[in-house]
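Spelled out, the chains give:
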Amino acid sequence: MPVSTALLNRPLAGSCSRAWRGVSRPLVCVRSAHVAATGSTADEERVWEATAQVPFSGARIGSFFQDRPVLKNPFLEDALLRGYLSRHLPERDALSDLCKFGERVANEVDEWGRECELNPPRLVHFDSWGGRVDHIVTSPAWKRMKDLSAQEGLVAIGYERSFGEWSRVYQMCKLFLFSPSSGLYTCPLAMTDGAAKVIQSIGISSAVEEAYSRLTTRQPESFWTSGQWMTERRGGSDVASGTETVAVPQTDGSYKLHGFKWFTSATDADVTLTLARVQDRRGATTPGSKGLTLFYAEVSRDEDGRLKGIEVQRLKDKLGTRQMPTAELLLDGLQAHRLSEEGRGVASIANMLTITRIHNSISAAAAMRRVVQLARDYATRRTAFGKRLKDHTLHTQTLARMEVETRGAFLMVMDVCRLLGREESGVASQLDTNLLRLLTPVVKLYTGKQAVAVVSEGLECFGGQGYMEDTGLPGLLRDAQVLSIWEGTTNILSLDVLRCVARSSGMVLHAYFTHTKSLLASASGVSSLAPAVNSVDRALSELKDFIQGAATKAPGYLELAARDLAYSLARTYTGALLIDHACWKGASASDTYTALRWCEQDLCPVVTRQARGCYDPSTPALDAALVYDQPTQDRSVP
């Protein structure tokens with residue numbers, strides 16, 4: 001009995017279980033149910049019974065647990081972010097704020113984001129007495145996100161411009177830290193920023209003066225968010241033919257909106273911008289984009305709690321972004337104010353699209369950074385096949401490839417933010433303006449696709465745990481998928497690039513080639529970067545030749561090549577940015593290594609695929625035949 005008592009009280013050797021940490025765990029002794037082998041004695045049998053150790057019994061689940069990855073301050077953990085800011089925005093106040101905010105994200109905000117995921121919004125159509133109320137109920141964490149966004153100036157920074165032309169970079173760096181932990185609150189912030197930009201660019205009239213102040217304030221009690229209600233039943237990106245909503249003029253100069261909005265993000269917003277067709281006295285409207293006008297409306301309720309002029313039909317059931325309320329809305333006499341000139345609605349939302357596409361790109365780069373950060377931390381904790389994951393060279397190689405993609409995305413997004421800041425501060429050259437016009441759709445389409453690939457690879461770094469919902473990791477992938485869809489799919493944005501080139505008579509491409517070449521200048525005498533410089537130089541030359549040759553082809557030729565052309569622009573420009581960053585005085589060996597690795601890939605896929613005949617006149621028919629191939633009817637099959 002003394003031996004058994006000692007065994008029962010002894011903790012299991014080598015255990016790393018967090019669940020049992022600090023708790024004395026008894027071993028379980030069982031008696032043998034079989035007959036002792038021939039020759040064994042009764043004393044030997046009793047000794048075996050007393051010393052037999054069974055690690056599982058009843059509800060106990062054994063001694064093996066995997067250590068979870070730990071989210072540390074994302075500002076302090078990101079070498080490239082800190083290096084970039086040390087080079088371009090070394091102001092102590094900005095760096096100190098970002099460091100403090102990073103700590104808050106890791107220790108406080110990340111839990112709120114998880115709460116938003118676990119407690120998604122729900123729609124309450126009727127009150128307890130049958131009255132139509134259409135309340136969208138969100139979690140307390142979602143409401144805390146709104147207050148935090150105001151306090152931290154996540155929209156306001158871009159309009160205060162405390163750091164001049166670098167204010168947008170500062171703002172977007174803060175959103176970069178916030179986005180993966182935000183519970184998708186970055187989506188209403190993107191639309192709020194876009195609405196403020198449109199109001200500012202059109203002119204702050206008395207009808208929207210209060211709204212602009214509230215959209216850009218740091219006071220939580222005054223802060224408003226904006227929706228963006230553009231998508232209707234006939235189509236998303238094709239607003240010209242898809243918008244059916246009509247605006248009926250009122251005697252006081254306002255309008256009443258009537259229509260059905262098929263997809264409205266952040267439906268719990270305080271205000272919204274939307275497109276509609278103004279009716280004349282006979283009730284007629286102008287078709288096409290020329291008939292679209294931009295309107296501003298406030299979301300309010302009457303004394304009985306009913307929404308004024310709005311009915312919420314249902315909340316959307318989405319693959320990801322479940323934290324954010326997205327709804328179908330019937331506009332039934334919603335009071336609104338005209339923002340743009342009649343028929344200038346599409347032109348007036350151009351500034352909004354620039355802002356929201358940049359926000360989208362920030363979220364994409366941030367998703368990549370977060371999954372790499374977690375996977376990197378996990379690799380220092382997880383042991384498999386006798387050693388830590390970080391000591392398996394193939395695993396580290398995979399992480400390094402993800403890191404290269406993440407760094408490239410970050411620099412490309414930040415450069416677009418730099419260009420936006422220069423334009424808003426009035427110091428942009430014509431080259432800067434043209435470059436911003438071209439790169440905005442390019443950076444959005446490319447980082448959106450990168451994010452899905454990198455986050456998917458990142459989940460694989462956690463093995464089976466990357467697929468388990470209770471780890472919170474699958475949500476990163478589900479939420480990343482929206483980034484290549486929202487604000488224009490990859491193909492739509494590729495065609496936007498072509499339109500941008502055509503409308504500028506090629507000046508945006510001239511700006512692109514000029515600036516990309518200038519980024520390589522500092523590396524002219526750096527031998528370690530020569531392979532990367534040569535790759536970018538070759539890609540630029542090939543791009544020029546392709547564009548000149550494509551100009552002589554039939555109009556459909558460039559459309560067929562549009563996606564590959566956009567990818568080529570993105571990869572080549574990012575390569576030049578990585579080379580440029582590797583040349584500044586504070587650069588590290590990792591900066592050089594990143595540039596070399598990035599430039600090893602095919603920087604100019606549009607030329608590679610052209611050589612394979614991918615854009616030949618026969619290709620569309622062959623593509624269609626392949627996609628819509630039907631099996632030959634077998635007469636023997638009844």
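How each quantity is defined
Residues numbered from 1 in each chain as written. Predicted model: local features only at pLDDT ≥ 70, side-chain atom pairs only at ≥ 80, totals over all residues. Heavy atoms only, no water. UniProt positions renumbered as here; feature names shortened; annotations may be inferred. Core = buried A, V, L, I, M, F, W, Y, C linked by side-chain atoms within 4.5 Å. Buried < 20%, exposed > 50% of the residue type's maximum accessible area, 1.4 Å probe, protein only. Helix = DSSP H or I, 4+ residues; strand = E, 2+ residues; numbered from the N terminus. Contact = heavy atoms within 4.5 Å. 1 Å grid on protein atoms, 1.4 Å probe; cavity = no way out; pocket = protein on both sides within 12 Å on 5 of 7 lines; lining within 4 Å. Points joined across faces, edges and corners; volume = space filled by probe spheres on them. Nonpolar A, V, L, I, M, F, W, Y, C, P; charged D, E, K, R; others polar. Polar contact = N/O pair within 3.5 Å; in protein donor to acceptor, adjacent residues only side chain to side chain. Expected span 1.5 Å × (residues − 1). Axes fitted to C-alpha atoms, helices over the stretch in contact; angles between N-to-C directions. Parallel < 35°, antiparallel > 145°, perpendicular 65-115°, else oblique. Left-handed = near helix turned anticlockwise from the far one by under 90°. Salt bridge = Lys/Arg side-chain N within 4 Å of Asp/Glu carboxyl O. Arc of directions from axis to C-beta. Pairing = 2+ DSSP bridges. Phe/Tyr/Trp six-rings, centres within 6.5 Å; stacked < 30°, edge-to-face > 60°. Lys NZ or Arg CZ within 6 Å of the ring centre and 35° of its normal. pLDDT = per-residue confidence, 0-100.

Under an unreviewed UniProt entry, the protein chain has the name MORC family CW-type zinc finger 2 and belongs to Takifugu rubripes. The heading Sequence similarities (unreviewed entry) in the UniProt record of the protein chain holds the text "Belongs to the acyl-CoA dehydrogenase family." As its UniProt record puts it under Cofactor (unreviewed entry), the protein chain is described as follows: "FAD".

Asks: Break down the nonpolar core for me, with residues and values.
Replies: In terms of nonpolar packing, the biggest core is built from 154 residues, with Phe 178, Tyr 512 and Ile 579 touching the most fellow members. Ranked by residues supplied to this core, first place goes to helix α12 (residues 350-379) with 15 residues. Contacts of Phe 178, omitting those with residues within four sequence positions, involve Phe 101, Val 105, Val 109, Met 145, Leu 148, Ser 149, Leu 154, Tyr 185, Thr 186 and Leu 189. Listed in part, the 16 residues of the second largest apolar core include Leu 257, Ala 276, Val 278 and Leu 334.

Asks: Let's hear about empty space enclosed by the protein: which residues, and what values?
Replies: Overall, the coordinates contain three cavities of 30 Å³ or more when judged by the stated rule. Considering only enclosed or pocket space, the second largest cavity measures out at about 60 Å³ in volume. Pro 74, Asp 78, Phe 176, Leu 177, Pro 180, Ala 366, Arg 369, Arg 370 and Gln 373 together form the lining of the second largest cavity. For the lining of the second largest cavity, the elements supplying multiple residues, two or more each, are α7 (167-178) and α12. Examining the composition of the lining of the second largest cavity, we find that four residues originate from one element, α12, more than from any other. Residue composition of the lining of the second largest cavity, grouped by class: five nonpolar, one polar and three charged.

Asks: Tell me about the layout of surface pockets, and please be specific about residues and values.
Replies: Here the second largest pocket defines a volume of roughly 390 Å³. The wall of the second largest pocket is formed by 20 residues, among which Ile 136, Thr 267, Asp 268, Ala 269 and Asp 270 lie closest to the centre. For the lining of the second largest pocket, the secondary structure elements donating two or more residues are β2 (132-137), α5 (140-151) and β8 (310-315). Looking at the lining of the second largest pocket, the element that brings in the most residues is α5, giving three residues. Of the residues that constitute the lining of the second largest pocket, the class distribution is ten nonpolar, four polar and six charged.

Asks: Which residues make up the side chain of Arg 418, and what are the values?
Replies: Mapped onto the elements of the fold, Arg 418 is located in helix α13 (residues 393-424). Here the side chain of Arg 418 touches Asp 415 through a polar contact of 2.9 Å, side chain to side chain. Not counting residues within four places of it along the chain, the set of residues in contact with Arg 418 comprises Glu 165, Trp 166, Val 169 and His 515.

Asks: A description of α12 should follow, citing residues and the corresponding values.
Replies: Look at α12: 44 Å from first C-alpha to last across 30 residues, which is about the 44 Å you get at 1.5 Å a residue. In terms of residue burial, α12 counts as a mostly covered element, since 26 of its 30 residues are buried.

Asks: Mind laying out the environment of Leu 558, listing which residues take part and the relevant values?
Replies: Considering the arrangement of structural elements, one finds Leu 558 in helix α19 (residues 555-583). Residue Leu 558 is classed as partly exposed on the basis of its relative accessible area of 26%. The sequence separation of Leu 558 and Tyr 615 amounts to 57 residues, and the corresponding C-alpha distance is 8.2 Å.

Asks: Describe the packing of α12 against α13, with residues and values.
Replies: Interaxial distance between α12 and α13 falls to 9 Å at its minimum, and their mutual angle equals 150 degrees. Taken as axis vectors, α12 and α13 run roughly antiparallel relative to one another. Crossing geometry of α12 relative to α13 is assigned as left-handed. Taken together, the residues of the contact of α12 with α13 break down into 18 nonpolar, three polar and six charged.

Asks: Before we move on, can you summarise the pattern of salt bridges with the specific residues and values?
Replies: Counted by the stated rule, this structure contains 40 salt bridges. With its nearest N and O atoms 2.9 Å apart, the salt bridge here joins Glu 403 to Arg 369. A residue pair is termed long-range when its members are at least 10 positions apart, and Glu 403 in helix α13 and Arg 369 in helix α12 qualify at 34 residues. Here Glu 403 falls in the buried class, since its relative accessible area comes to 14%. If you follow the salt bridges from partner to partner, you end up with Asp 78, Arg 369, Glu 403, Arg 407 and Asp 591 in one network.

Asks: Explain unusual backbone geometry residue by residue, including any values.
Replies: A positive phi is found at Asp 134, a non-glycine position, where the angle reads about 50 degrees. Locating Asp 134 in the fold gives a position in strand β2. In this model, Leu 184 sits at a positive phi of 70 degrees, which is unusual for a non-glycine residue. Considering the arrangement of structural elements, one finds Leu 184 in the loop between α7 and α8 (186-202).

Asks: Explain helix α18 (residues 530-550) residue by residue, including any values.
Replies: Over its 21 residues, α18 extends 30 Å from the first C-alpha to the last, a length consistent with the 30 Å expected when each residue adds 1.5 Å. Taken as a whole, α18 has its buried residues at Ala 532, Val 533, Ser 535, Val 536, Ala 539, Leu 540, Leu 543, Phe 546 and Ala 550. In a view along the axis of α18, the buried residues occupy a sector of 160 degrees, so they form one face of it. Where the residues of α18 are buried, they touch α17 (507-520), α19, α20 (589-598) and α21 (605-611).

Asks: Tell me about the pairing of strand β7 (residues 292-298), residues and numbers included.
Replies: Summarising burial for β7: six of the seven residues are buried, a large majority. Judged from the seven bridges that link them, strand β6 (residues 271-278) and β7 form a sheet pairing that is antiparallel. Looking at the pairing, Arg 277 lines up with Leu 292 of β7. In the sheet, β7 pairs with strand β9 (residues 326-338) via two bridges, with the strands oriented antiparallel. Residue Tyr 296 lies in a different strand from β9, and its bridge partner there is His 337.

Asks: Can you explain the packing of α8 against α12? Please cite residues and give values.
Replies: Between α8 and α12, the shortest axis-to-axis distance is 8 Å and the interhelical angle comes to 155 degrees. Here α8 lies roughly antiparallel to α12, going by the angle between them. Viewed along their axes, α8 and α12 form a crossing whose handedness is right-handed. Residues Thr 186, Leu 189, Ala 190, Met 191, Asp 193, Gly 194, Ala 195, Lys 197, Val 198 and Ser 201 of α8 pack against Asn 351, Met 352, Ile 355, Thr 356, His 359 and Ser 363 of α12. A class-by-class count of the residues in the contact of α8 with α12 yields seven nonpolar, seven polar and two charged.

Asks: An account of the packing of aromatic side chains is requested, with residue identities and associated values reported.
Replies: Taken as a whole, this structure holds 14 aromatic pairs when the rule is applied. The structure contains a cluster of three or more aromatic residues connected by ring pairs, namely Tyr 84, Phe 176 and Phe 410. When the ring centre of Tyr 159 is taken as origin, the NZ or CZ atom of Arg 168, which lies over that ring, is 5.0 Å away. The ring of Phe 101 carries the charged tip of Lys 174 above its face, separated from the ring centre by 5.2 Å.

Asks: Residues and numbers for the confidence of the model for the protein chain, please.
Replies: Across the protein chain, the average pLDDT comes to 91, with 89% of residues at or above 70. Across residues 1-37 the pLDDT falls below 50, and counting only partners more than four positions away or on other chains, this stretch makes 48 contacts in the model.

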